[in-house]
Amino acid sequence: MENPERRKLFKRAAIGGGAVLAAGLGAYGAGRASIEGKINDQWPILADDFKPFPGESHMWSYAGSPFLMMRHPERNEQFGRLVKGNPNYNFQLQVPRFEQKGHDNSRPGFTQLDRALGHAGWCPPHKWDLRLGAMGVPDTTWFSWDQSDMEHEQYEFASKQQAANAIRSAARVFGAARCGIAKRDKRWDYDPIYHAGPTVDMFAEMERRGVSKITDPQEMAKALMGALEEFKPVEKQLSWEKDFPFTPKTVIVMAVPMDYDNLATAPTYTSGATVGDGYTKMATLASQMAKFIRGLGYHAVASGNDLGNSVAYGIAAGMGEGARNGQLIVPGYGPRIRLCKVYTDFEFVDYDQPRTWGIEDFCKTCKKCAEACPSKALPMDEDTTFTFVGEHSEQPGYNWNNHEGIKKFHVDSKRCFDYWMESDGDCAACNAACTFNEPDFWHHWMIVAANPFVPSTLHGVMSEMHPAFGYGATQDPTKVAKFWNTGEGMRVNPTNRNVFGAVGRS
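Asker: Please explain the packing of helix α7 (residues 160–173) against helix α11 (residues 272–295) as it appears in this structure.
Answerer: Axis separation between α7 and α11 bottoms out at 10 Å; the angle between their running directions is 140°. Judged by the sense of rotation from one axis to the other, the crossing of α7 with α11 is right-handed. Here Ala166, Ile167, Ala170 and Ala171 of α7 come into contact with α11, specifically with Leu285, Met289, Phe292 and Ile293. Grouping the constituent residues of the contact of α7 with α11 by class yields eight nonpolar, no polar and no charged.

So this is what it looks like as structure tokens:
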């Protein structure tokens, strides 16, 4: 070490190594910061005439309400005439037959094996109670408004940060992949809240009588009218002020992950398994979280597709961005998640803020989901809009189901829903095709981190690289065969396949 040249060499090596280490740490820090997202002060962009969305205008509400069908026959007539070329077409009459049309063992993805998996995805919750919740019906068994089990003594947290951490920790235990906390915002609540009327008992009895096996539209209509006369369901318009059990102040938003390899088989009966399982986990997760909050001495109601716009609340809670397909894209998962919420009056908590990862800007160039959509329900426009501007949008009354007045990608959910009914499955082709829907590998996280800094001119190239590496293909029978082999090695599962990254951070 007395040799001055050797000292110079070690000194240079130390300086050089330190510089490399500092650069590496800097890059790592920048990458982590990028993955955290940048606060988005620009969201939401609203028109001057923006109003909260009435619950009865939700596509699911109309689909499950015989009262709305009778009150607005022009909606079915217009859709049938413009889209199906048949003014007598009524897609609501297909609802009782959904996922009841049998299987075809000659078609990969539509066999008895695939159908059995799909049906099993909706258990253990009673499937009709879960279906009603999925269709936006409030105050069901899993999303009950009952507050009788609330503790009288309120737990006091030492700080708002401690409270937020505790809520997210509980969400992780119950199976959430992400959890954000937003202030209750009346703009995103359905107002008035709509209850379509049909009950679990009504649907269960109709199934027992074989109503789902009826194929003739007139006979189906007669059966539905008979059920109305016998069960006498009551349609309700509910008020937040008069009917809801308390005044919400906070909305806890949670994302349930769906299986990558299963969703990759979309649109098949196979992929319906992770969709149904997502709804099952939504119901249990949200109800567990609501129970947890009530145990702390505060009011809480679990919510799935009812009460408010889950995507808007997910954005407000800093979990992701709105996408071309109208869903929430969550970094690391893309749209491969299901959202549930808990409304509560607990407010001593650090609230999250909307963030951006450059996802919406990416969607303006990437159109993979729209290209994959079998029903052509997704827009191909280059930019977001305040209103639905797709086919037939100029027709008076066609846009009744769109929440207009917010700048976003507006989709034609009527076309989407109709494809579900006719294909007898949950589709999810847009989820499978999304460029942000990728396995949990480090290089995919690197792309997520780099996306905000990539010029928009390169977004098209990035979206083309996605299928070039074997991701995003839909209607591919080989994906079905691949999925049914993913169980190999699950006894030991040494790489935590399909588990790693399901919670926390990769």
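Asker: Sorry, what's going on with the packing of aromatic side chains here?
Answerer: Aromatic rings in a pair are described by how distant their centres are and how their planes are angled relative to each other. Taken as a whole and assessed by the stated rule, the structure comprises 23 aromatic pairs. Plain terms: the ring middles of phenylalanine 362 and phenylalanine 436 are 5.1 Å apart, the flat faces sit at 70° to each other, and that makes the pair edge-to-face. With a gap of 74 residues between them, phenylalanine 362 in helix α13 (residues 359–365) and phenylalanine 436 in the loop between α16 (429–433) and α17 (442–450) connect regions that are remote in the sequence. Comparing phenylalanine 362 with phenylalanine 436, the two get one shared label, buried. Through a chain of ring-to-ring contacts, three or more aromatic side chains come together here, namely Trp60, Phe79, Phe91, Phe98, Phe417 and Trp420. Over the ring of tyrosine 89 we find lysine 84; its NZ or CZ atom is 5.0 Å from the centre of that ring. For arginine 131, the ring lying beneath its charged end belongs to tryptophan 122, and the centroid distance is 3.8 Å.

Asker: Please clarify how empty space enclosed by the protein should be interpreted in this entry.
Answerer: It is the rolling of a water-molecule-sized probe over the atoms that shows where space remains empty. Taken as a whole and judged by the stated rule, the model has seven cavities of 30 Å³ or more. The space that makes up the second largest cavity amounts to roughly 160 Å³. Along the walls of the second largest cavity sit 14 residues, with Ala63, Gly64, Pro66, Phe203 and Leu224 positioned nearest its centre. Taken together, the elements giving at least two residues each to the lining of the second largest cavity come down to α2 (59–64), α3 (66–71), α8 (200–208) and α9 (217–231). The greatest single-element share of the lining of the second largest cavity, amounting to three residues, is contributed by α8. A per-class count over the lining of the second largest cavity returns 11 nonpolar, three polar and no charged.

Asker: Help me understand the sheet that holds strand β6 (residues 300–303) in this model?
Answerer: Backbone-to-backbone hydrogen bonds join strands into a sheet, with any given pair of strands oriented parallel or antiparallel. On the basis of which strands lie adjacent, the open sheet formed by four strands has the order β2-β5-β9-β6 and antiparallel pairing. At either margin of the open sheet sits one strand with a lone partner, and together these are β2 (178–183) and β6. On average, each strand axis in the sheet is tilted by 20° relative to the strand beside it, whichever way the strands run. Of the strand pairs in this sheet, β2 and strand β5 (residues 250–257) are connected by six bridges, and their pairing is antiparallel. Across the sheet, arginine 178 pairs through a bridge with alanine 255, a residue of β5.

Asker: How should I be thinking about α9 in this particular structure?
Answerer: An α-helix turns once per 3.6 residues; consequently, residues spaced three or four apart project the same way. Look at α9: 21 Å from first C-alpha to last across 15 residues, which is about the 21 Å you get at 1.5 Å a residue. Of the residues making up α9, those classed as buried are Met220, Leu224, Ala227 and Leu228. Projected down its long axis, α9 shows its buried positions confined to an angular sector of 100°, all on one face. Exposed residues pointing more than 90 degrees away from the buried face of α9 are listed as Gln218, Lys222 and Glu229. Buried residues along α9 sit against α3 and α8. Between the side-chain oxygen at the start of α9 and the backbone nitrogen of glutamine 218 there is a gap of 3.1 Å, and the oxygen is on aspartate 216. Two residues or fewer past α9, lysine 232 is found with a positive phi of approximately 50°.

Asker: Hey, could you run me through the environment of isoleucine 359 in this one?
Answerer: Residue placement: isoleucine 359 occurs in helix α13. Take isoleucine 359: its relative accessible area is 1%, and that puts it in the buried class. Sequence-wise, isoleucine 359 and glutamate 321 are 38 residues apart; in three dimensions their C-alpha atoms are separated by 6.4 Å. In this structure, isoleucine 359 is in contact with Glu321, Ile329, Pro331, Phe436 and Asn451, ignoring residues within four places of it in sequence.

Asker: Help me understand the pairing of β5 in this model?
Answerer: Successive side chains on a regular strand alternate, one facing one side of the sheet and the next facing the other. Taking burial as the measure, the eight residues of β5 include seven buried ones, the bulk of the element. The pairing of β5 with strand β9 (residues 337–344) spans eight bridges and is classified as antiparallel. Note on β9: the bridge partner recorded for threonine 250 is threonine 344.

Asker: Honestly, the pattern of salt bridges in this entry has me stumped. Any pointers?
Answerer: A side chain of one charge can pair with a side chain of the opposite charge if their charged atoms are brought near each other. Per the stated rule, a full pass over the model turns up 28 salt bridges. In this structure, glutamate 99 and arginine 131 form a salt bridge, with 2.4 Å as the shortest nitrogen-oxygen distance. Pair noted here: glutamate 99 is in the loop between α4 (73–84) and α5 (112–120) and arginine 131 is in helix α6 (residues 127–134), with a separation of 32 residues, a long-range link. Arginine 131 shares its class with glutamate 99; the two are buried. A salt bridge links arginine 184 to aspartate 189; the nearest nitrogen and oxygen atoms lie 2.6 Å apart. For the pair shown, arginine 184 and aspartate 189 are each scored as buried. Ionic contacts of the salt-bridge type, sharing partners, join the residues Glu205, Arg208, Arg209 and Glu230 into one network.

So, how was this worked out
Residues numbered from 1 in each chain as written. Predicted model: local features only at pLDDT ≥ 70, side-chain atom pairs only at ≥ 80, totals over all residues. Heavy atoms only, no water. Axes fitted to C-alpha atoms, helices over the stretch in contact; angles between N-to-C directions. Helix = DSSP H or I, 4+ residues; strand = E, 2+ residues; numbered from the N terminus. Left-handed = near helix turned anticlockwise from the far one by under 90°. Contact = heavy atoms within 4.5 Å. Nonpolar A, V, L, I, M, F, W, Y, C, P; charged D, E, K, R; others polar. Phe/Tyr/Trp six-rings, centres within 6.5 Å; stacked < 30°, edge-to-face > 60°. Buried < 20%, exposed > 50% of the residue type's maximum accessible area, 1.4 Å probe, protein only. Lys NZ or Arg CZ within 6 Å of the ring centre and 35° of its normal. 1 Å grid on protein atoms, 1.4 Å probe; cavity = no way out; pocket = protein on both sides within 12 Å on 5 of 7 lines; lining within 4 Å. Points joined across faces, edges and corners; volume = space filled by probe spheres on them. Pairing = 2+ DSSP bridges. Expected span 1.5 Å × (residues − 1). Arc of directions from axis to C-beta. Polar contact = N/O pair within 3.5 Å; in protein donor to acceptor, adjacent residues only side chain to side chain. Salt bridge = Lys/Arg side-chain N within 4 Å of Asp/Glu carboxyl O.

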